[in-house]
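Here are the chains, one letter per residue:
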Amino acid sequence: MKHRGRHRRRRRGRALRATLAGTALALTAAATMISTSQATDADDPGALKPLTAAADTAPLRLTERAVPGSELDRLTASMGPAVGVGAVLADPDGALVDADDCGDDDRRALPVEPAVTRAYCWPQRDTDGWRAGAVTTSGDADEDGRWGAHRVILSGWTRGSGTPTGQGLARIAFVAADDDGTPRYTWALLAVPVDGGRDFRGLGSDVSGMVWYQDKLLVTAGRGEGGALYVYDLDRVQRATVDAGTVGRVPGGWSAAGARYVLPAVASYATAGADAPRPGGIALDRSTVPESLVVHEATAPDEEGPTRLWRYALGPRPGYGPLLRTEPVAVYETELTQVRGVLAHRSDWYVSRATGAPEERGTLWRQDTKGASPVRCGADETYRCWSGPATSLSYWQATGDVWSQSGRMLFALPLAAVDEALER
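Now for a description of the structure that goes with this document. (Residues numbered from 1 in each chain as written. Predicted model: local features only at pLDDT ≥ 70, side-chain atom pairs only at ≥ 80, totals over all residues. Heavy atoms only, no water.)

## Looking at the packing of aromatic side chains
Taken as a whole and assessed by the stated rule, the structure comprises ten aromatic pairs. With a centroid separation of 5.6 Å and 75 degrees between ring planes, the pair formed by Trp 122 and Trp 157 is classed as edge-to-face. With a gap of 35 residues between them, Trp 122 in the loop between β5 (118-121) and α7 (124-127) and Trp 157 in strand β7 (residues 152-159) connect regions that are remote in the sequence. Assigned by exposure class, Trp 122 and Trp 157 land together as buried. Ring plane angle 70 degrees and centroid distance 6.0 Å describe the contact between Trp 386 and Phe 411, whose orientation is recorded as edge-to-face. Taken together, the residues Trp 386 in the loop between β25 (372-374) and β26 (394-396) and Phe 411 in strand β28 (residues 409-414) connect sequence positions 25 residues apart. By way of ring pairs, the aromatic residues Trp 122, Trp 157, Tyr 185 and Trp 187 are connected into one cluster. Of note, Arg 171 hangs over the ring of Trp 130, and the distance from its end group to the ring centre comes to 3.9 Å. Arg 171 extends its terminal NZ or CZ atom over the ring of Trp 187, reaching a point 3.5 Å from the ring centre. (Phe/Tyr/Trp six-rings, centres within 6.5 Å; stacked < 30°, edge-to-face > 60°. Helix = DSSP H or I, 4+ residues; strand = E, 2+ residues; numbered from the N terminus. Buried < 20%, exposed > 50% of the residue type's maximum accessible area, 1.4 Å probe, protein only. Lys NZ or Arg CZ within 6 Å of the ring centre and 35° of its normal.)

## What to know about the sheet that holds β26
With antiparallel pairing, five strands are arranged side by side in an open sheet as β4-β5-β28-β27-β26. Both outer strands of the open sheet, β4 (97-98) and β26, are each paired with one neighbouring strand and no more. On the sheet, helix α9 (residues 415-422) packs against β26, β27 (401-406) and β28 and is oriented at approximately 70 degrees with respect to β28. (Pairing = 2+ DSSP bridges. Contact = heavy atoms within 4.5 Å. Axes fitted to C-alpha atoms, helices over the stretch in contact; angles between N-to-C directions.)

## Here we look at the environment of Glu 359
By secondary structure assignment, the location of Glu 359 is in the loop between β23 (348-353) and β24 (363-367). Considering only alpha carbons, one finds Glu 359 and Ser 387, 28 residues apart in sequence, at a separation of 9.0 Å.

## Quick look at empty space enclosed by the protein
Taken as a whole and judged by the stated rule, the model has three cavities of 30 Å³ or more. Estimates place the volume of the largest cavity at around 70 Å³. Lining the largest cavity are Gly 139, Asp 140, Leu 284, Asp 285, Arg 286, Ser 287, Leu 343, Ala 344, His 345, Tyr 395 and Gln 397. For the lining of the largest cavity, the residue count by class is four nonpolar, four polar and three charged. (1 Å grid on protein atoms, 1.4 Å probe; cavity = no way out; pocket = protein on both sides within 12 Å on 5 of 7 lines; lining within 4 Å. Points joined across faces, edges and corners; volume = space filled by probe spheres on them. Nonpolar A, V, L, I, M, F, W, Y, C, P; charged D, E, K, R; others polar.)

## Remarks on the nonpolar core
One finds Leu 343, Trp 349 and Met 409 to be the most contacted residues of the largest nonpolar core, which totals 40 residues. Secondary-structure elements contributing two or more residues to this core are β5, β21 (321-334), β22 (339-345), β23, β24, β28 and α9. In this structure, Val 135, Trp 187, Ala 191 and Ala 256 belong to the second largest nonpolar core, which totals 30 residues. (Core = buried A, V, L, I, M, F, W, Y, C linked by side-chain atoms within 4.5 Å.)

Geometric descriptors of this kind do not, in isolation, establish any biological role.
Put into structure tokens, the structure is as follows:
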């Protein structure tokens, strides 16, 4: 049965590449037409520059703030027993749509090069008004790539964050990504306990970065939320009992803005000060000892750079358990601007960046302390080959795939294919 499933996946991959070939050619032609005006995109950013001065590293130190256990217990006592990931997956809200059945407008969000091997789109009815954010997987959570019996993808979404009138909310979809059928998903609202655990509010931040490490989920937080990371315990998923657009305690029970599950934060990390760099995208690097969290700096679209990249070690800490160590272990500077995703594997850093308006293609670079190289595509080898609005990169070590999300498309491609495209 395993071999049969592998053959099915190969056939699906070949069919998907054939289906997208026409779209890719059209996008490559469009990229070729604009390549004469993209001199800044073609500039070589050069090697990563290590930063070792205290003025560069000290602002990246984190302060951990744990939600008192008594507050979490009070919330659980009011909402009912917590459930785990398995129970959430067994109670889906809907199913993803295979790329073959997605519209051309959705598929335009896929990279031109390298070709994706798995891709799905989200139903519009479930994502209207929400903006796609970061992705992480059970490949981050455990070395075997599974959480219990399941392969799982967590997909982040944001609504109304940063707008003067909208209520900022963030949610994640638990996606069952097993090989035996169409991926099905279940929504959970990201929340923060308030009033001593008697209530909760929604997390009002873009989900630009997520990493699932063991039983914890690390989520980036904007400046209004402290400027660093929130921590969620995936053994503490709570059920909402009232279907309403509000958030928190309501007459008759608990509401999660239409989601049937809630994840209350158990801790947060803050950077050293209001002006300190804050995390944008994050990813897990299993190639280091100990394993580490890699980070790119969150920057405004009009900032001219450079952009900082850094990493924190993960591992046991006396009295705290296995999570994030608060001192950065390596800090670098890249000349790339508008960075939207980061991944590190061995000595290589993979950085995706936006290059203009959301409908324009982005670029994907590999950098180290010796130099940089971009993915190229088209007759004139333009660099605009990546998805424009892609927001994160997540490496599933057990399968060798990189997962990302762009627009309403969720997609994967082998890291080996990225390296091959970089070496042409």
